[in-house]
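The residues making up each chain are set out below.
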Amino acid sequence: MRVEVQTGLLDGAQFVASPNFDERPADIAIDLLVIHGISLPPNHFGGPYIEALFTNTLDPNAHPYFKDIANVRVSAHALIRRDGNVIQFVPFDKRAWHAGQSEFCGRSRCNDFAIGIELEGADHIPYEPAQYESLATLTKALMAAYPLLAWDTIVGHSDIAPMRKVDPGPVFDWVRYRKAVTT
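Conventions we followed
Sequence order sets the numbering: in each chain, residues are counted from 1 along the sequence as written. For this predicted model, a pLDDT threshold of at least 70 governs which residues receive local features, and a threshold of 80 or more governs which side-chain atom pairs are given and counted, while totals over whole chains, interfaces and linings are taken from all residues. For side-chain calculations, the full set of non-hydrogen atoms in the structure is used, while hydrogens and water are omitted. The term salt bridge refers to a pairing of a side-chain nitrogen on Lys or Arg with a carboxyl oxygen on Asp or Glu at a separation within 4 Å. A run of DSSP states H or I qualifies as a helix once it reaches four residues; a run of E qualifies as a strand once it reaches two. Both are numbered from the N-terminal end. Each residue is assigned to one of three classes by its accessible area relative to the maximum for its type, calculated with a 1.4 Å probe on protein chains only: buried under 20%, partly exposed between the two thresholds, exposed over 50%. The pairing criterion for strands is at least two bridges between them, as found by DSSP. Only rings of Phe, Tyr and Trp enter the pairing, Trp through its six-membered ring, and a pair is recorded when the two centres are within 6.5 Å. The plane angle decides the type: under 30 degrees is stacked, over 60 is edge-to-face, the rest tilted. We call a charge positioned over a ring when the NZ of a Lys or the CZ of an Arg lies within 6 Å of the ring centre and within 35 degrees of the ring normal. Working definition of a nonpolar core: buried Ala, Val, Leu, Ile, Met, Phe, Trp, Tyr and Cys residues. They are joined through side-chain atoms within 4.5 Å. Contacts between residues were defined by any pair of non-hydrogen atoms, one from each residue, lying within 4.5 Å.

Summed over all chains, the structure comprises nine salt bridges. Across the pair aspartate 112 and arginine 95 runs a salt bridge whose closest N-O atoms are separated by 2.5 Å. With aspartate 112 in the loop between strand E10 (107–108) and strand E11 (114–120) and arginine 95 in strand E8 (residues 95–96), this pair connects stretches of sequence that are 17 residues apart. Accessibility assignment for this pair places aspartate 112 and arginine 95 in one class, buried. Here the residues in one salt-bridge network are Asp22, Arg95, Arg109 and Asp112, joined through shared partners.

As structure tokens, then:
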């Protein structure tokens, strides 16, 4: 797995274009990696709903939960499914709309300088080994492409928006993830 820096695309990943992105501010370096967790509907895995949310095609009538979120305009740079499959939605050099109101080390608007990776999961359901493997491989590729990314700038969504978010949740194994990246 390799990031093509000129295009911001991940070699070998499926690309599904999201309209929910824009240009990063000029002279802002990518130096933050944010790990998220998502399932749609909540606590259900598989299906087309995450892709639909990120591409503005979520049917509000497909599930009662979707009525409140169908018009939300969000995205992530990439999603790692339960089986470890990686889908990219936004080129890494562009600003995906994943962090919302957020702050890291006194800097607000984390979307400006962050890459957002979603893991298909729920806060209380353990993530799959294949997800950790794909996340570690993707992290290595991102660190090679964007050398300002480092362990102290890899965080959970809960770390940058603690009053609003809890993902990737207490079951996310940070030790396992770090070990997989360093071996």
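What follows concerns the sheet that holds strand E12 (residues 154–156). Each strand in a sheet pairs with its neighbour through backbone hydrogen bonds, running either in the same direction (parallel) or in the opposite one (antiparallel). Read across the sheet, six strands follow the order E3-E7-E6-E11-E5-E12 without closing on themselves; strand pairing throughout is mixed. With partners counted over all chains shown, the strands left at the sheet margins are strand E3 (14–15) and E12, one partner each. Where strand E5 (residues 32–38) meets E12, three bridges bridge the pair, whose relative direction is parallel. When the bridges of E12 are listed, leucine 33 appears paired with isoleucine 154.

Okay, the packing of aromatic side chains next. Counted under the stated rule, the structure contains eight aromatic pairs. Summarising the aromatic geometry, the rings of phenylalanine 54 and phenylalanine 89 are spaced 5.1 Å apart at their centres and angled 80 degrees between planes, so their arrangement reads as edge-to-face. Taken together, the residues phenylalanine 54 in helix H1 (residues 49–54) and phenylalanine 89 in the loop between strand E7 (86–88) and E8 connect sequence positions 35 residues apart. Note on phenylalanine 54: relative accessible area 1%, which makes it buried. Judged by centre distance (5.8 Å) and plane angle (80 degrees), the ring pair of tyrosine 127 and phenylalanine 172 falls under edge-to-face. Remark: phenylalanine 172 occurs in the loop between helix H3 (157–160) and helix H4 (174–182) and tyrosine 127 occurs in the loop between E11 and helix H2 (129–145); sequence separation between them is 45 residues. Each member of the pair, tyrosine 127 as well as phenylalanine 172, carries the same accessibility label: buried. Put simply, the rings of Tyr127, Tyr132, Trp151, Phe172, Trp174 and Tyr177 touch in pairs and so form one group of aromatic residues. Just above the ring of phenylalanine 45 sits the side chain of arginine 82; from NZ or CZ to the centre is 4.1 Å. A cation over a ring is seen here: arginine 107 above phenylalanine 113, with NZ or CZ 3.6 Å from the ring centre.

Most often, soluble globular proteins have nonpolar side chains that are buried together. One finds Leu33, Ile35, Phe92, Ile117, Leu142, Tyr146 and Tyr177 to be the most contacted residues of the largest nonpolar core, which totals 26 residues. Excluding anything up to four places from it in sequence, leucine 142 contacts Val3, Leu33, Phe92, Ile115, Ile117 and Leu149. Ala52, Phe66, Ile69 and Ile87 belong to the second largest nonpolar core, which has 16 residues in total.

Note on strand geometry: in a regular strand, side chains alternate between the two faces of the sheet. For E11, a buried count of seven out of seven residues is recorded, marking the element as mostly surrounded by other parts of the structure. Burial along E11 is two-sided: the residues Ala114, Gly116, Glu118 and Glu120 and Ile115, Ile117 and Leu119 are all buried. Bridging between strand E6 (residues 78–80) and E11 involves three bridges; their strand directions are parallel. Across the sheet, the residue bridging to leucine 79 is glutamate 118, located in E11.

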